[in-house]
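Fold and contact review
Residue strings, one per chain:
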Amino acid sequence: RADAVVNVLYAEVVAQALRMLEVLDDDHPGARDALAANAWSELEAWDGLQLRLVPDSRTDERCSVAGGYVHTTVPPTLTVTNSLSPGRRSFTVLHELGHHLQKNNIRLARAVRSQPADTDAFEDAACDAFAARVLITDDDLAAVLTDRSPTAATLIRLFEETEASRAAC
């Protein structure tokens, strides 16, 4: 029974991440490739968002990454810990973009609120899945995956050939 619940939750998280990608593609056509190449630079050019590097102590402790989403600023702010590696900063800023999308799109917000359990955990997991899907495209995966389970060498190759962090890979 526990495995069935985990599989349902996983499926819901993946579905939410895919909806987030649809919103991204609809609202910012062509941005997905630019975000995969250099998330920070791409997001700096967006109107309606501001980015801020912050010391470790200034991040949102409720979030699963070293960053935060501040909706009370105008425009909203995506914060990222300054001490992270470039790959981790990319993952974190995309994760925080995921919060922004879920807070500002009715369909995404309804999907979060409709969760029967911990909506914060669901939202965070969807942000992680969204960030990973932006940084690691289907083409990236197809280039390294075989019909066998991924190996450590597969993950290393994925890390070396994308802008994704180790955690995302």
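For the structure, see preceding data.
What you see is a predicted model, and the numbers here were worked out from it, not measured in a lab.

The helix and strand tally for the protein stands at 7 helices and 3 strands. Counting helices and strands in the order they occur from the N terminus, the protein gives α-α-β-β-β-α-α-α-α-α. Counting only residues that meet the buried cut, the protein has 41% of its 169 residues in that class. In the protein, the share of contacts with a sequence separation of at least 24, taken over all contacts with a separation of at least 6, comes to 64%.

Quick look at the side chain of S90 now. With respect to the helices, strands and loops of the structure, S90 is situated in helix α3 (residues 86-104). Residue class for S90 comes out buried when judged on its relative accessible area of 12%. In contact with S90, not counting residues within four places along its chain, are A39, L135 and E163.

With that out of the way, let us pick up helix α4 (residues 106-113). Since the α-helix turns once every 3.6 residues, residues separated by three or four places project in the same direction. Considered for burial, the residues of α4 that qualify are L108, A109, A111 and V112. Projected down its long axis, α4 carries its buried residues within an arc of 160°, all on one side. Residues of α4 that are exposed and point more than 90 degrees away from the buried face comprise I106, R110 and R113.

A word on the sheet that holds strand β1 (residues 50-54). If you walk across this open sheet you meet the 3 strands as β1-β3-β2, and the pairing is mixed. The outermost strands of the open sheet, each flanked by one partner alone, are β1 and β2 (67-70). This sheet shows a mean twist of 20° between the axes of neighbouring strands, independent of strand direction. Two elements, β2 and strand β3 (residues 77-81), share 4 bridges in a ladder whose sense is antiparallel. Each bridged residue has a counterpart across the sheet, and for G68 the counterpart in β3 is T79.

With that settled, consider the packing of α4 against helix α5 (residues 119-135). One can describe the packing of α4 onto α5 by two numbers: an axis separation of 9 Å at closest approach and a directional angle of 130°. One way to sum up the angle between α4 and α5 is to call them oblique. Each of A111, V112 and R113 in α4 lies in contact with α5, whose residues at this interface are T119, F122 and E123. Split into classes, the residues belonging to the contact of α4 with α5 amount to 3 nonpolar, 1 polar and 2 charged.

This paragraph deals with the pattern of salt bridges. This structure, assessed with the given rule, holds 5 salt bridges. Residues R133 and D138 are paired through a salt bridge, measuring 3.2 Å at the closest nitrogen-oxygen approach. According to the relative accessible area criterion, R133 is partly exposed, its value standing at 32%. For D138, a relative accessible area of 48% puts it in the partly exposed group. R157 is the salt-bridge partner of E161, the closest N and O atoms lying 2.9 Å from each other. Here R157 and E161 lie together in helix α7 (residues 152-161), a separation of 4 residues that amounts to about one turn.

Calculation criteria
- Residues numbered from 1 in each chain as written.
- Predicted model: local features only at pLDDT ≥ 70, side-chain atom pairs only at ≥ 80, totals over all residues.
- Heavy atoms only, no water.
- Helix = DSSP H or I, 4+ residues; strand = E, 2+ residues; numbered from the N terminus.
- Buried < 20%, exposed > 50% of the residue type's maximum accessible area, 1.4 Å probe, protein only.
- Contact = heavy atoms within 4.5 Å.
- Arc of directions from axis to C-beta.
- Pairing = 2+ DSSP bridges.
- Axes fitted to C-alpha atoms, helices over the stretch in contact; angles between N-to-C directions.
- Parallel < 35°, antiparallel > 145°, perpendicular 65-115°, else oblique.
- Nonpolar A, V, L, I, M, F, W, Y, C, P; charged D, E, K, R; others polar.
- Salt bridge = Lys/Arg side-chain N within 4 Å of Asp/Glu carboxyl O.

Honestly, that's just the spatial picture; any functional story needs more than this.
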